[in-house]
Structures are given as C-alpha cells and as structure tokens.
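Examining the three-dimensional arrangement
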Amino acid sequence: MLAVLSIRNIVLIEALDLDFRSGLTVLTGETGAGKSIVLDSLSLALGARGDAGLVRAGAEQGHVVSIYDLPEDHPARETARGQGIDVEGDLIIRRVQAGDGRSRAFINDQPVSVNLLRSVGADLVEIHGQHDDRALVDIAAHRSILDAFAGHSTLVADCAATWRAWQTLENRRRVAEERVEDAKRDEDYLRHALEELEDLDPQDNEEDELSARRQHLMASEKLASDLEDALSVVSGDGASDMQIAAILRKFDRRRDEAPDLINPVIEGLDAALAALDQARIMIEDAKRAADFDPRDLENVEERLFALRGLARKHGTQPDALPDVLDKVRASLAEIDGGTEELEALTVQAAEAKTVFEASAKALSASRKDAATRLETAIHEELAPLKLDAARFFAIVEDASSSPSQHGVDTVSFEIQTNPGSKPGPLLKVASGGELSRILLALKVALADRGSAPTLVFDEIDTAVGGAVSDAIGERLARLAENVQVLSVTHAPQVAAKADHHLLIAKSVDASADTTRTKVTPLDENARHEEIARMLSGADITSEARAAAGRLIRAAE
C-alpha cells in the first residue's frame, strides 16, 4: 500500500509530507483548496506526463516521492527486479520535474525510464474519476478483469502454457516444411547429380594418380615409337643386316681369289651381322618390356577429362568430387529424413493444438460462467447506487479464428442505462457520474481480486444525492477491508465512513504574495466539525453538527 507521499514545490504545495494507513482515507476541502494538486502529484510519481507548469513559481524544480509497503512477491517488485533494481525493503519512487520541462524518474534511487515507472506504477495505484480512462473503459483490460473475478488463474496459466507448446511445435513444423520445400525444389537436380557422380565414382587423389599415369604412358608411347623406328632400321625392308648379308655372299664367292684379304673382311661382316641380330633381339625385348597399349592412354585421358569436366560443373576441384558425392547423398537423405521429420512434427503440432483447444474451451466455459456471476454481482450493487434501471453486460464472444495465449475469447463490458436503449461501450453510453458508480460497483464485486493495492477515487460522488452518497460511502468502506482506498469527496456521507480523514486547505500570505496548500490529519473532534461544514457550508449550525454526529455514529 501507499505509505508516504512527500511533495516539494509542486504548484501551490511548497512542502508536504503525508503518512497513509490501510483502510479508507478521505480527502476533503473547499473547491480550489488543492485536492487535485495532491492527486496530480501522485500521478506524476506514478509516471504521468510531466509538465513545467507543475513546478511552483520561483522554484527551479519540484519533486514527488511515494513510498510503498508491499509483499515480497508483489508484481511491482517483480517488474523492477526484472530491470536489475534492488527492491529490498520499501519501494521508493521519486520523480523530479524541472522548470524547463524535463523530468527524471528513480526507483530506489536508481534512474529509470518513465515507461518503466509507468509500468511499475500501474501495479501500485489505480486512480479513478468520473472520466476514468483505464480499467473499465479500456476494452483490452476487460478480459483480465473478468479472469481476476473468476479466480481461475490455473486455467489461464494452462491455456498460456498449452498455447506456447503448440506455437513452439507449429514454428518447428513451419521451419521443417520450408526446409523440405527448398530441398524438393533441388531434388531433381540432386538426383541427376547423384547419378552422374555415382556413374563416374570418383576416388580420393584420383586426378593425381591419373595425371602421373598419363605422363608415364605418354613417355612410354614415345619410347615405343623410338624402339619401333630402331627395329625398322635393323630388321625392316632394306635393313643393314640384309645389306651386310648380300655383301657377305659376294665376298664368300671370291674368298679363293685373295684369301688373306677377304677372310678378315668376311670375319668382320659375320661379326657385324651377329651384332645386328643381337641388337634386333634386344630391341624386340625392350619393346615387349615397354608393353605400351595406345588404348590405355586413351582410357586414362578419357577418365581424367571426365573427372575435370564434372569438377567444373560443380565448381570445385577433381579431388573434391568424392566430398561432393557425399554431400549430394546427404542432401537427398535430408530430403527423405526431413519429410519424415515434417510428418512427425505435423502430428505433434496437431496434437498440441487439440490440447490447447481443450484448455481454451475449459477457460471459455469458466469465463462465461464468471461473466454471468459478475453481471449478477454488479446488478446487486447498482440499485443502491440509484442505477437500478441500468444493466451491465460482460460479453464473452468466440474468437477461435484468432486464438492466442489468452484463449479463444474476446471480453467486453457494455452498459444499458435505460430500458429499451441499446447497450454500448461504457465510455460512450454512461455519463461521468454513472461511469464512476459503475466502476465502483465493479471494484466492489472484484473486492481484492484484480486490483492494485491502492485505489484512489476522485470525486465519484459528484452530482448525486445523499442516499447515493451513503451507498457510495458504504461500498468504499467495504472495498477498504481488502485494499487501501483514498477518496477525494464532497459528500459528508462518504466522509463519515472513513477510517482516516485529511483536510486540504489553502492559505494566503498577503505580505509575501504567496499561496500555499496544506494538508491536515483530523482527529475525531476536527473530523466531526469538517463533516458538519460539508453539510451546512461556511456557517456551521448546531443542526449540522448534530447531523454530522448521526452520520458518524451510523457509520460506526
């Protein structure tokens, strides 16, 4: 709850320190005394828009400090803690407003953004007036208000959990589907590539081996050609051995003519002939040893060119073709495996969707039941507030076409102020006074559920009679049994039901040409006198004092 509000140099307030307690606290005072300044200061501390006009004349800056006594697990603490703020002990919010329009915000003396301050402040205090722009008016909040009234937090949590589980699987399914679709677009190409690669069956380091063998075969081809030429010389047509043999035959026929001359020649020619025959044998042996087959070179070159051509097609080196083959096989396996994964994820996502739909259906049924109970509870409060002709509707509509973590419902609050009139949104149908009383009825119905620990009602009893004011006071007192309630009021019937009473007054120092607003806690006697003033005006009569006494005793 709000424990302390400290204000410095804001409009007419020079210095003000207020202590607040649990229960119902009323703030009263004459029109223009400064009640709105106190609320504006509190709003500033909660993250409302800053304005240089809030700074007291003559001051460079103003500031507001609000201190809150909260449970350790309060949402405001959790929000601040999530931003790395130390929230041990009291939660202290400070807002500094400079005269040049700039403002700064602090939580437990740590600088924070105004957005964070506003987020934390929303969990601390709700300020409601005749033209309230939150809670009831904001249709986005109606579902959470109904859920708070229903008290089905477990159903809400289950619905959110099953939604997240479904969406996680659905996202995985979509990713798998996109991956399979992308892969399938390349499937024909991959299968053709696989066929080419498997037909060629490239091996590791095959290009180097083929290149080396090609060089060897090309060298063998040249050697074979040279050996063939040599063999042709020694044993082909017109070879030397045939010529030598012919000469030898001539000299052999003439051996007897000059044996001393011819015999050595014949011996030499015989030796030459034998040498040539030996050379032929050696050449033929070498040719056989070379074992060159032109088809081998042709096959090697064909294989080498095929490897290099396929490598160019895949934009890589021939030695990398085995890796390309492995990748193509893996891609095709991924297509097959991805299809299986997609099928499994599709089944899982469908099952998760069914679980979510069952959870959302249970939550929807609970909401519809709660809506009926909420309508009944509010109708019971409207008659004493002189709105017995009005009808409140908590409408739960199907939104299964756009499900969310909140389920499959939209929730809206509408009001019918007069029989036969068309129900409509609260802000459009209800007048300011009606809206504030409907809001009060809703807050009473919610009691301590779905509410900030501190509720502030700003003159919600304006323009209503005594009986309605008495009913408003009774309901504020009932609310104060569960949460801290602050009410700015002009109704003595409301003030009489308060646990604590603060009087706001304005004083003028003519000599210093200054006006100040001050706030005074009232004891029982002073409170009695203030309620009498509220009944009779500036001139307090004995009848007014007696009536004030009756109001206080009735409240007690």
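Here, the structure is the one placed above.
The structure displayed is predicted, hence computed values, not measured ones. (Residues numbered from 1 in each chain as written. Predicted model: local features only at pLDDT ≥ 70, side-chain atom pairs only at ≥ 80, totals over all residues. Heavy atoms only, no water.)

**Some words on empty space enclosed by the protein**
Empty space left among the atoms is revealed by rolling a probe the size of a water molecule over them. What the rule picks out here adds up to 1 cavity of 30 Å³ or more. Estimated volume of the largest cavity: approximately 40 Å³. Lining the largest cavity we find Leu2, Leu5, Phe20, Leu27, Val38, Leu39, Leu42 and Leu486. Contributions of two or more residues to the lining of the largest cavity are made by strand E1 (2-10) and helix H1 (35-45). Ranked by residue count, the leading element in the lining of the largest cavity is H1, at 3 residues. Class assignment for the residues of the lining of the largest cavity results in 8 nonpolar, no polar and no charged. (1 Å grid on protein atoms, 1.4 Å probe; cavity = no way out; pocket = protein on both sides within 12 Å on 5 of 7 lines; lining within 4 Å. Points joined across faces, edges and corners; volume = space filled by probe spheres on them. Helix = DSSP H or I, 4+ residues; strand = E, 2+ residues; numbered from the N terminus. Nonpolar A, V, L, I, M, F, W, Y, C, P; charged D, E, K, R; others polar.)

**Describing the packing of helix H16 (residues 524-536) against helix H17 (residues 542-555)**
Contact pair H16 / H17: the axes reach a minimum separation of 8 Å and the direction vectors enclose 115 degrees. Remark: the crossing between H16 and H17 carries right-handed chirality. In this structure, H16 uses Arg527, His528, Glu529, Ile531, Ala532, Leu535 and Ser536 to contact H17, whose residues at the interface are Ala544, Arg545, Ala547, Ala548, Gly549, Leu551 and Ile552. Here the residues of the contact of H16 with H17 sort into 8 nonpolar, 3 polar and 3 charged. (Axes fitted to C-alpha atoms, helices over the stretch in contact; angles between N-to-C directions. Left-handed = near helix turned anticlockwise from the far one by under 90°. Contact = heavy atoms within 4.5 Å.)

**Topic: the sheet that holds strand E6 (residues 103-107)**
What the 6 strands build is an open sheet, ordered E2-E1-E4-E5-E6-E7; its pairing is antiparallel. At either margin of the open sheet sits one strand with a lone partner, and together these are strand E2 (13-19) and strand E7 (110-112). Averaged over all neighbouring strand pairs, the angle between strand axes comes to 15 degrees, with direction disregarded. Sheet topology note: the E6/E7 ladder contains 3 bridges and is antiparallel. What sits directly across from alanine 105, in E7, is valine 112. Each of E1, E2, strand E4 (61-68) and strand E5 (91-98) is contacted by H1, which is oriented at about 105 degrees to E1, the strand it contacts most. In this fold helix H3 (residues 114-122) packs onto E5, E6 and E7, with an angle of close to 135 degrees to the strand it touches most, E5. (Pairing = 2+ DSSP bridges.)

**Brief notes about the side chain of glutamine 97**
The residue glutamine 97 is located in strand E5 in this model. Look at glutamine 97 and you get buried, because its relative accessible area is 0%. Separated by 3.1 Å, the side chain of glutamine 97 and the backbone nitrogen of aspartate 51 make a polar contact. Here the side chain of glutamine 97 touches glycine 101 through a polar contact of 3.3 Å, landing on its backbone oxygen. If we ignore the near neighbours within four places in the chain, the residues touching glutamine 97 are Leu44, Gly50, Asp51, Ala52, Val55, Gln61, Gly62, Arg102 and Ser103. (Buried < 20%, exposed > 50% of the residue type's maximum accessible area, 1.4 Å probe, protein only. Polar contact = N/O pair within 3.5 Å; in protein donor to acceptor, adjacent residues only side chain to side chain.)

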